[in-house]
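Report on the structure
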Amino acid sequence: MRLPQPQSLNGLILVGFGLVALPLLIAIFWALFSLDRLAEQSEQLVVTGVTAAENNRQLEQQVASLERVARQYLALGTEESRTFMHQDLASVEETLDRIWPLAEQANAVSFARAIRVSARRVVRTLNTSDPASVDTDAAVAEFASLRQRVTRLSLTLSNHIELELNRLQESTRRAQQVSAWQTAALVPGTLILVLFFVLQVARPIRQIDKAINQLGRSGFSRPIDVKGPSDLERLGRQLEWLRMRLLELA
């Protein structure tokens, strides 16, 4: 199947400019798309990192406050201490809710769930047991493991963010490599396309120039044949007709 050819010299020039500019435009749009995507990922990663660090800090403080209020409740047994204990538990759960999406991405849901369950169990035990019973002592002792789970959760989330940062850096390096390869390929490719279309335009023009010089030197014996866009071929046929008339007159 033969591809359609430009029907005029202007069409050939426009097609040439279009094909020469097309790879450059593709490279530019790809670079813009890659930069926009990398900028969006880096911005999101910065926000995620700052938010995770703040949530981890708050969770550590809230667990420490919950432990302090729980021990105060065991010592005093006041309703005010009980209220503070429930407020601290609610704060811990709110922070875990904010952390939960990132914990799912980092495969740390088990740590977040264990913290929630452990904190609820401690508060429930203190609410339903005698402050002097063994159960309350075991509940308070559970804060040690609760702090360890908070530390492991914080470490897991930090490692996940660091991993995402490394992936972003690798994506940036790949984008730089692709841009370098594109630049290296565009220079010779563009030169080849330019040379090809210059030859496509110059060949019929050179044939017409040669035919006109031939007619000017009264060289009517050689036929004029111009190959190229239809308008230049039409001009070649007109020169051939003129050659035949001049040959008849001669």
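Everything that follows concerns the structure shown earlier in this document.
Let us look at the structure shown here.

This next bit is on unusual backbone geometry. A positive phi is found at Asn107, a non-glycine position, where the angle reads about 55°. One can find Asn107 in the loop between helix H2 (79-105) and helix H3 (109-128).

This paragraph deals with the side chain of Ser81. Relative to the helices and strands, Ser81 is located in helix H2. The class for Ser81 is buried, based on a relative accessible area of 2%. Setting aside anything within four residues of it in sequence, one finds Ser81 in contact with Val69, Gln72, Tyr73 and Leu76.

What follows deals with H2. For H2, which comprises 27 residues, the first-to-last C-alpha distance of 40 Å matches the rise-based estimate of 39 Å (1.5 Å per residue) to within 8%. Ile99 marks the point of greatest bend in H2, at about 45°, and the proline Pro101 comes within the next four residues. Those residues of H2 that fall on the buried side of the exposure criterion are Ser81, Met85, Asp88, Leu89, Val92, Glu93, Thr95, Leu96, Ile99, Leu102 and Ala103. Positioned one or two residues after H2, Asn107 has a phi angle of 55°, which is positive.

Turning to the pattern of salt bridges, a few remarks are in order. If you walk through the whole model with that rule in mind, you get 10 salt bridges. The partner of Glu164 in a salt bridge is Arg167, and the shortest N-O contact between them spans 3.0 Å. With Glu164 and Arg167 both in helix H4 (residues 134-216) and three residues apart, the pair spans about one turn of that helix. The partner of Arg173 in a salt bridge is Glu170, and the shortest N-O contact between them spans 2.7 Å.

Calculation criteria
- Residues numbered from 1 in each chain as written.
- Predicted model: local features only at pLDDT ≥ 70, side-chain atom pairs only at ≥ 80, totals over all residues.
- Heavy atoms only, no water.
- Helix = DSSP H or I, 4+ residues; strand = E, 2+ residues; numbered from the N terminus.
- Buried < 20%, exposed > 50% of the residue type's maximum accessible area, 1.4 Å probe, protein only.
- Contact = heavy atoms within 4.5 Å.
- Expected span 1.5 Å × (residues − 1).
- Bend = angle between axes of the 7 residues up to and from the residue.
- Salt bridge = Lys/Arg side-chain N within 4 Å of Asp/Glu carboxyl O.

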